[in-house]
Amino acid sequence: MVAGSAVHAVASRHRRFSRCCWRSGAVAAGVCHSYETAMAYEVYWGSGSPYSWRVLLAFTVKQVPFDSKLVQFSRGDHKTSEFLKMNPRGRVPVLKHGDHVVYESNAILSYIEKLHPTPSLFGDDAVETAAIWQTISEVDSYLCPLQEQLVAAVFQDDTQGREDELRGVAEQVRAEIALHDARLAESRYLALARLTAADLALYPTLMLIGRIGTRASSRQLGLGLENLRASHPNVERWARMIESLPGYEDTYPPHWRR
Ligand SMILES: N[C@@H](CCC(=O)N[C@@H](CS)C(=O)NCC(=O)O)C(=O)O
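None of these values were measured; they are calculated from a predicted model. Here the residue numbering is sequential within each chain, running from 1 through the sequence in written order. Residue-level local features of this predicted model are given only where pLDDT is at least 70; pairs of side-chain atoms are given and counted only at 80 or more, and the full residue set underlies all totals for whole chains, interfaces and linings.

Quick one: what's the story with unusual backbone geometry, residue by residue and with numbers?
A cis amide bond links V92 with the next residue in sequence, P93, at an omega value of 10°. With an omega dihedral of -10°, the bond running from T118 to P119 counts as a cis peptide bond. One non-glycine residue, Q63, lies in the positive phi region at around 55°. Considering the arrangement of structural elements, one finds Q63 in the loop between α3 (50–62) and β3 (67–71). The burial criterion counts other C-beta atoms lying within 10 Å of a residue's C-beta, which is placed from the backbone; the residue is buried at 20 or more, exposed at 12 or fewer, and partly exposed between these limits. With 14 C-beta atoms packed within 10 Å, Q63 lands in the partly exposed category. Positioned with a positive phi, D157 is a non-glycine residue whose angle comes to about 50°. Runs of H or I in DSSP of at least four residues are treated as helices and runs of E of at least two as strands, each being numbered from the N terminus.

Talk me through helix α5 (residues 105–115); I want residue IDs and the actual numbers.
Three or four residues apart is the spacing at which side chains of an α-helix point the same way, because the helix has 3.6 residues per turn. Burial in α5 covers these residues: S105, I108, L109 and I112. Along α5, the residues classed as buried sweep out an arc of 100° about the axis, all on the same side. Within α5, the exposed residues directed more than 90 degrees away from the buried face are A107 and K114. Each residue gets a C-beta atom placed from its backbone, and two residues are in contact if those atoms lie within 7 Å. Looking at the buried residues of α5, the elements they touch are α3, β4 (94–97), β5 (100–103) and α8 (197–214). The reported arc concerns the directions from the helix axis to the C-beta atoms and nothing else.

Could you give an account of the nonpolar core, with specific residues and numbers?
A general feature of soluble globular proteins is that nonpolar side chains tend to end up buried together. Only buried Ala, Val, Leu, Ile, Met, Phe, Trp, Tyr and Cys residues enter a nonpolar core, and they are joined through C-beta atoms within 7 Å. In terms of nonpolar packing, the biggest core is built from 58 residues, with V43, V55, A58 and L206 touching the most fellow members. The greatest single-element share of this core, amounting to 11 residues, is contributed by α8. Where each domain starts and ends comes from a domain assignment, either automatic or drawn from a database. In terms of domain composition, this core takes at least three residues from each of domain 1 (4–115) and domain 2 (126–251). Apart from residues lying up to four places away in sequence, L206 is in contact with I177, L228, V235 and A239.

Pulling in residues and values, what's your account of the pairing of strand β2 (residues 41–46)?
For β2, the tally of buried residues reaches six of six residues, placing the bulk of the element in the interior. Of the two faces of β2, both are covered, the one formed by Y41, V43 and W45 as well as the one formed by E42, Y44 and G46. Here four bridges tie β2 to β4, and the two strands are oriented antiparallel to one another. For V43, the partnering residue across the bridge sits in β4 and is L95. Where β2 lies against β3, five bridges are found, and the strand directions are parallel. Counterpart to Y44 in the pairing with β3 is K69. We call a crossover right-handed when, viewed with both strands directed away from the observer, the connection leading from the first strand over the helix to the second proceeds clockwise. At this point the chain moves from β2, through α3, to the parallel β3, and the crossover so formed is right-handed. The pairing criterion is simple: DSSP has to find at least two bridges between the two strands.

Please set out the site of the ligand residue by residue, giving values where relevant.
Think of it this way: take the backbone, place a C-beta atom on it, and check whether that atom is within 6 Å of the molecule or strand, in which case the residue is near it. Taken together, G46, S49, P50, Y51, H78, G90, R91, V92, P93, E104 and S105 make up the full set of residues adjacent to the ligand. Of the residues contributing to the shell around the ligand, the split by class is four nonpolar, five polar and two charged. Residue polarity is assigned by list, with Asp, Glu, Lys and Arg as charged and Ala, Val, Leu, Ile, Met, Phe, Trp, Tyr, Cys and Pro as nonpolar; anything else, Gly included, falls into the polar class.

Give me the packing of helix α6 (residues 126–155) against helix α7 (residues 163–186): which residues, what numbers.
The geometry of α6 relative to α7 is characterised by a closest axis approach of 10 Å and an angle of 145° between their N-to-C directions. Crossing handedness for the pair α6 and α7: left-handed. Taking contact as the criterion, the partners of Y142, L143, L146, Q149, L150 and A153 in α6 are, on α7, L166, V169, Q172, V173 and E176. In terms of residue class, the contact of α6 with α7 is built from eight nonpolar, two polar and one charged. Angles here are taken between N-to-C directions and fall from 0 to 180 degrees, while the axes themselves are lines fitted to C-alpha atoms, restricted in helices to the stretch in contact. If you view the pair so one helix is near and one far, a crossing is left-handed when the near helix is turned anticlockwise from the far one by less than a right angle, and right-handed when it is turned clockwise.

Any functional reading would require information beyond the geometric quantities listed.
Below you can see the structure in the form of structure tokens.
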């Protein structure tokens, strides 16, 4: 557990829902159907962290209540000794469930999928599961590293002298998004005709890249990332479906609203 002031427990609907679940007899009613699922979930997450956002969306889609532990990067909450005991890499998201701790967003998604299989986010047979993991692996292997390069350069004001390099990164990002747009022209969601973990992997990264694109330095460099959604109509349609999920608003990075 992270020290008192180090982590701000958000007084959000997640938490109220959680209390409501425990006190309304949901356990007894069989909603939380085993001892394992009856233990509280604590989700440590960062505002604007796309990997954290995946996890928040998964809990939301599955309607699983959790205690929200918003980690403040600026205070170094994620580098305290208490936090490093949970994740030695000092990164979010982290899930604490009873005495059990899981880090790495995909591992967390898999964990809650096992305990709360409905609605399924990882497919119902071998073909579906492979299609989902194929897309997640593509997002994680090809798009996320590009996003991380842009975050490091643009948010840390390290763009000078790197104009050509960063334009090259942005071009690769656009190619990746165009690929997903073409897929979404054929299919309602990314991997299957229904929402899966693949959609939860891409959406937050797309949103973060869009936000990077609106920064003055990105515009000055002509990265062309500010209108990714508008210029990819299938991605735009799909993103709007995710944004219409019940509870979506509670997952939106709080500091992006300011
Ligand atoms: N592969 C990890 C990536 C986690 C990650 O990089 N989290 C970032 C926020 S988006 C973080 O905590 N960064 C803090 C740091 O590196 O100090 C996952 O999927 O969970």
